[in-house]
Each structure stands twice: as C-alpha cells, then as structure tokens.
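Structural overview
Okay, here's what each chain looks like letter by letter:
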Amino acid sequence: MKKALYLICLLVLLAASAAWAAEPIKIGKLAALTGPGATWGEHYKNVSILAVEEINAKGGLLGRPVELIVYDTKGRAEDTVNAARRMILQDKVVAIAGTNYSGLQIAIRPISEQYKVPIMATSATNPAVTVDPEKGTPYPYSFRICFTDPYQGKIMAEFLANNLKIKEAVIFHDVGSDYAEGMKQFFVATYTKAGGKVAGLYGYREGDVDFRAQITQAKATGAKAVVLPGLYKEMALIIKQCEEMGWKPVFIGGDGYSPAMYEIAGKAMEGTYWVTHIAFDDPILKPLIEKYTKRFGKPPVEIVSITLGYDAMYAIFDAIKRAGKAEGPAIAAALEKTKGLKLLDFTLNMDPKTHDPLNKPGAILKIENGKEILYTKVTPKN
C-alpha cells in the first residue's frame with residue numbers, strides 16, 4: 001500500500017515538474033503605453049495580463065503555460081514595426097494581440113505575412129487592416145475583433161440623417177490618420193446618399209491644440225452638426241472651443257471617444273453622441289470590471305479597451321486550442337474558421353472573406369448629466 005502510494009505521489013510530482021518545465025507559448029501584445037494613446041494602452045496591457053493569468057490558472061494551452069510579451073508602440077509606426085519584429089524574431093511569439101491604431105496595424109502587416117504570425121487587431125477599424133484594397137481578398141495573417149470604419153461611418157451618417165433629421169453637417173478630421181480619413185470617406189458617401197449635405201471639411205493634425213480658425217469657418221456655414229472621426233484629445237478640444245466661441249451644434253463621433261475627454265471639455269460634452277463597440281453600462285461587463293479592479297487596484301476607465309482587449313486574447317486562445325499546435329500558420333487557419341465562439345460581449349463568427357467579425361453589435365452613446373447613456377443599439381448587416 002505504501003509502495004503504491006509512493007508511486008502515485010512520484011507520478012504526480014513528475015507530472016507537475018513536466019508541466020512546470022514545459023516551454024511557454026508566447027503571445028505578444030502591442031500597446032501604446034506612452035504618447036497620446038497611453039490611456040488606452042494601459043488598459044489593453046492590463047486586461048491582456050488578466051486574460052493570460054486566467055488561462056494559466058486553468059492549465060494553460062496545449063499543456064503549456066502562456067507567456068505574455070508586451071512592448072510599447074508609443075503610438076508611432078517606427079516603434080511599432082521594431083516591436084513587432086523583435087517579438088517575432090527574438091521572443092518567438094506565435095500570435096500577437098495587435099494595436100488599436102489602423103495606421104500602426106497596416107505598418108506591421110508585412111512583417112506578420114513574411115514570418116507567418118497572425119495578428120489580431122483590437123480597435124484598428126480601417127478596412128485595409130485585413131483586406132487588400134486592390135485585390136479585395138483578406139491578408140492571411142491579419143484579423144480584427146472590432147467592427148470597421150465603413151460600419152462606423154455608415155451608422156453615424158444614417159443616425160444623423162434619419163434619426164436626428166439633421167441634413168447639413170461639417171467634418172473635422174485628422175489628415176494624417178488612416179482611421180479618421182477612412183471613417184470620413186464612408187460617412188460622406190452614406191450621408192449624401194441619405195440626402196445629407198457636407199457643408200465643409202476642416203483638416204488638422206494630431207497634436208494640434210488651437211482649432212478656432214477652422215471653427216470660425218465651420219460656424220459660418222450654418223451647419224447643425226459636427227462630425228468628429230478622430231481621437232479623443234483633439235475631439236475634446238474642438239468641442240470645448242466650439243462652446244467657448246458660442247457655437248453649439250450636435251456633435252457625433254466614433255470609437256476614438258474616451259471618458260478622458262471630460263477632463264478637457266467638461267460640460268461641453270453634454271448631448272454629444274458616440275458610436276462605440278459596447279455600452280459602458282452594459283451589465284454583462286460587470287464581472288470583468290470587478291476582476292480588473294481587484295487585480296490592478298483601481299476600476300477601469302476605458303471600458304471599450306478592456307472589452308476588446310479581453311475578447312482578442314480569448315479569440316487567440318481558442319484558435320490555439322483548435323489548431324492543436326502553437327504555430328502561426330495553424331493558428332491563422334483556426335482564426336479564419338472561428339464560428340460560434342462566445343466571448344464577453346458577443347458571439348464571434350469570423351468572416352473568411354474579410355477576417356472581420358460578422359454582424360457584430362454596436363452601440364450609440366449619448367452623454368447626459370456627465371454619464372454615457374445607451375441611446376440605441378445597432379447590428380451591422382455584412
């Protein structure tokens with residue numbers, strides 16, 4: 001009896017030792033931890049850490065622990081390219097949870113294709129992130145967990161023209177941003193088709209702080225709405241300066257929105273509308289918010305970031321499980337065939353023609369009394 005018990009204990013110890021010694025499966029995470037997008041980057045990094053800790057607590061993947069490799073993109077293409085190359089060539093990651101910038105995601109695509117490492121973008125919404133604009137076919141190793149700029153632009157345009165009955169608008173757009181330019185393009189196409197008129201286009205560049213000249217021109221058009229396909233700092237300054245100049249149009253923007261805009265624009269944010277990926281007050285998010293708060297000692301501010309970041313990691317985990325091996329080509333093939341995967345806020349069915357989620361629900365938020373209120377929910381028809 002003692003001999004049998006000894007053998008059982010020995011087998012358990014050997015199994016535990018083997019599991020501990022197993023080579024980890026390395027997954028990369030690219031996040032803007034410094035620079036203009038740092039508020040998003042911190043949340044993306046933290047929720048990725050949380051997801052990896054959860055999967056390791058459940059035994060890891062394929063009998064191996066998961067190791068997260070994080071690099072700071074600084075929101076710049078050169079740094080992102082260097083980070084992705086280092087992840088792949090030195091750290092030997094088998095998949096990457098990508099960035100939330102379309103331009104950065106497009107910049108690293110050739111690397112993923114060359115070395116056959118799939119990259120799952122979080123909130124990079126330009127169609128060219130996953131689909132070759134000339135051939136109309138998906139890039140084999142590029143995927144995304146979010147919806148696209150055409151969808152956001154279409155929703156903003158139809159909502160403004162049909163729901164709010166506003167048929168004349170102006171657009172403030174970052175001329176150096178693939179994200180902003182893409183959304184602007186699709187907004188204009190849908191808005192004019194719906195009977196709307198774009199009374200003016202006013203460009204700026206990331207980092208600009210004074211928009212008074214553009215606002216003066218835009219105000220003179222008599223437009224009732226301002227469309228903001230940009231990122232949160234510049235959008236907040238535009239909203240604030242419009243109010244300071246006595247102009248109070250309806251503002252509507254995309255998922256570049258952030259609660260951090262209140263620190264800049266204050267009460268000027270009241271009554272603004274934002275297309276986003278999920279309603280911040282959705283009860284389905286409560287468990288994740290509680291886990292995040294417990295793990296990092298403070299509640300998350302960027303709810304969309306933690307939702308997309310968490311979903312991206314679990315989509316990669318699922319693909320590795322189904323692939324049966326931690327190799328880039330097999331993981332990419334599994335990602336493309338993802339069907340019926342229940343994630344935190346939706347069920348993922350990957351469109352093999354675009355490598356985008358099919359029929360992912362979205363939300364339009366309205367700011368009322370300093371809070372984000374779900375105004376309506378929408379579902380894209382791909």
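Quick summary incoming for the structure in this document. What you see is a predicted model, and the numbers here were worked out from it, not measured in a lab.

1. Let's talk about the overall build of the chain
Within the chain, the secondary structure is distributed over 12 helices and 14 strands. Here the C-alpha radius of gyration of the chain, 22 Å, is about what a compact globule of 382 residues would show, namely 21 Å. Residues counted as buried form 54% of the 382 residues belonging to the chain. A fraction of 69% describes how many contacts in the chain between residues 6 or more apart in sequence connect residues 24 or more apart. Of the roughly 16700 Å² of accessible surface on the chain, a fraction of 55% belongs to carbon and sulfur atoms. The chain carries 47 positive and 40 negative side-chain charges, and their two centres are separated by 5 Å.

2. As for the side chain of His173
With respect to the helices, strands and loops of the structure, His173 is situated in strand 6 (residues 168-174). If we ignore the near neighbours within four places in the chain, the residues touching His173 are Glu181, Lys184, Leu201, Tyr202, Gly203, Tyr204 and Pro229.

3. What about the nonpolar core?
In this structure, Phe172 and Phe317 are the most contacted members of the largest nonpolar core, which totals 107 residues. The element that contributes the greatest number of residues to this core is helix 11 (residues 303-323), accounting for 13 residues. Sequence-distant contacts of Phe172, that is, excluding residues within four places in its chain, are made with Tyr202, Tyr204, Gln214, Ile215, Ala218, Val226, Val227, Leu228, Pro229 and Ile238. Core analysis: the second largest hydrophobic core is formed by 14 residues, Tyr71, Ala84, Ile88 and Ile108 among them.

4. Structural notes on the sheet that holds strand 13 (residues 362-368)
The mixed open sheet is built from 7 strands, whose spatial order is 7-6-8-9-10-13-14. The open sheet has two edge strands, strand 7 (197-204) and strand 14 (371-378), and neither has a second partner. The average undirected angle you get between the axes of adjacent strands in this sheet is 25°. Running over the sheet, helix 7 (residues 212-220) touches strand 6 and strand 7 and is turned about 175° from strand 7. Sheet contacts for helix 8 (residues 232-244): strand 6, strand 7, strand 8 (225-228), strand 9 (250-253) and strand 10 (273-276); angle to strand 8, the most-contacted strand, approximately 165°.

5. Details of the sheet that holds strand 4 (residues 119-121)
Read across the sheet, 5 strands follow the order 2-1-3-4-5 without closing on themselves; strand pairing throughout is parallel. In the strand order of this sheet, the two ends are held by strand 2 (66-72) and strand 5 (142-144), each with one partner. Here the average twist between neighbouring strands, direction ignored, is 25°. With 7 bridges connecting them, strand 1 (residues 25-31) and strand 2 associate as parallel partners. Directly across from Lys26, in strand 2, lies its bridge partner Glu67.

6. Section: the packing of aromatic side chains
Within this structure, the stated rule accounts for 13 aromatic pairs. Between Phe147 and Tyr151, the ring centres sit 4.6 Å apart and the planes meet at 65°, which makes this aromatic pair edge-to-face. With a relative accessible area of 5%, Phe147 lands in the buried category. For Tyr151, a relative accessible area of 9% puts it in the buried group. These aromatic residues form a ring-pair network of at least three members: Trp40, Tyr101 and Tyr232. Above the face of the Tyr139 ring, Arg109 is positioned so that its terminal group lies 3.9 Å from the ring centre. Here the basic side chain of Lys360 rests over the ring of Phe346, its NZ or CZ set 4.4 Å away from the ring centre.

What counts, and at which threshold
Every chain begins its residue count from 1, and numbering advances along the sequence as written. In keeping with the model being predicted, local features are shown solely for residues with a pLDDT of at least 70 and side-chain atom pairs are shown and tallied solely at 80 or more, while totals for entire chains, interfaces and linings include all residues. The side-chain numbers reported here are obtained from all heavy atoms of the structure, hydrogens and water having been left aside. Put simply, DSSP H or I for four residues or longer makes a helix, DSSP E for two residues or longer makes a strand, and each gets a number counted from the N terminus. As defined in this context, the radius of gyration uses C-alpha atoms, and a globule is described by 2.2 Å times the residue total to the power 0.38. Only protein chains enter the accessibility calculation, which uses a 1.4 Å probe. A residue is then buried if its area is under 20% of the maximum for its type, exposed if over 50%, and partly exposed in between. Residue contacts are counted whenever heavy atoms from the two residues lie within 4.5 Å of one another. Here, Shrake-Rupley sampling with a 1.4 Å probe gives the accessible areas, and only protein chains in the shown set may cover a residue. Neither His nor the chain ends is counted toward charge; the positive residues are Lys and Arg and the negative residues Asp and Glu. Note on charges: their place is set at NZ of Lys, CZ of Arg, CG of Asp or CD of Glu. Within this scheme, the nonpolar core is defined by two criteria: the residues are buried Ala, Val, Leu, Ile, Met, Phe, Trp, Tyr or Cys, and they are joined through side-chain atoms within 4.5 Å. One bridge is not enough; two strands pair if DSSP finds at least two bridges between them. Between the N-to-C directions of two axes lies an angle of 0 to 180 degrees, each axis being a line fitted to C-alpha atoms and, for a helix, fitted only over the stretch in contact. Paired rings are identified among Phe, Tyr and Trp, the last through its six-membered ring, by centres lying within 6.5 Å, and are further divided according to the angle between planes into stacked (under 30 degrees), edge-to-face (over 60) and tilted (the rest). The criterion is that NZ of a Lys, or CZ of an Arg, lies within 6 Å of the ring centre and within 35 degrees of the ring normal, and then a charge sits over that ring.

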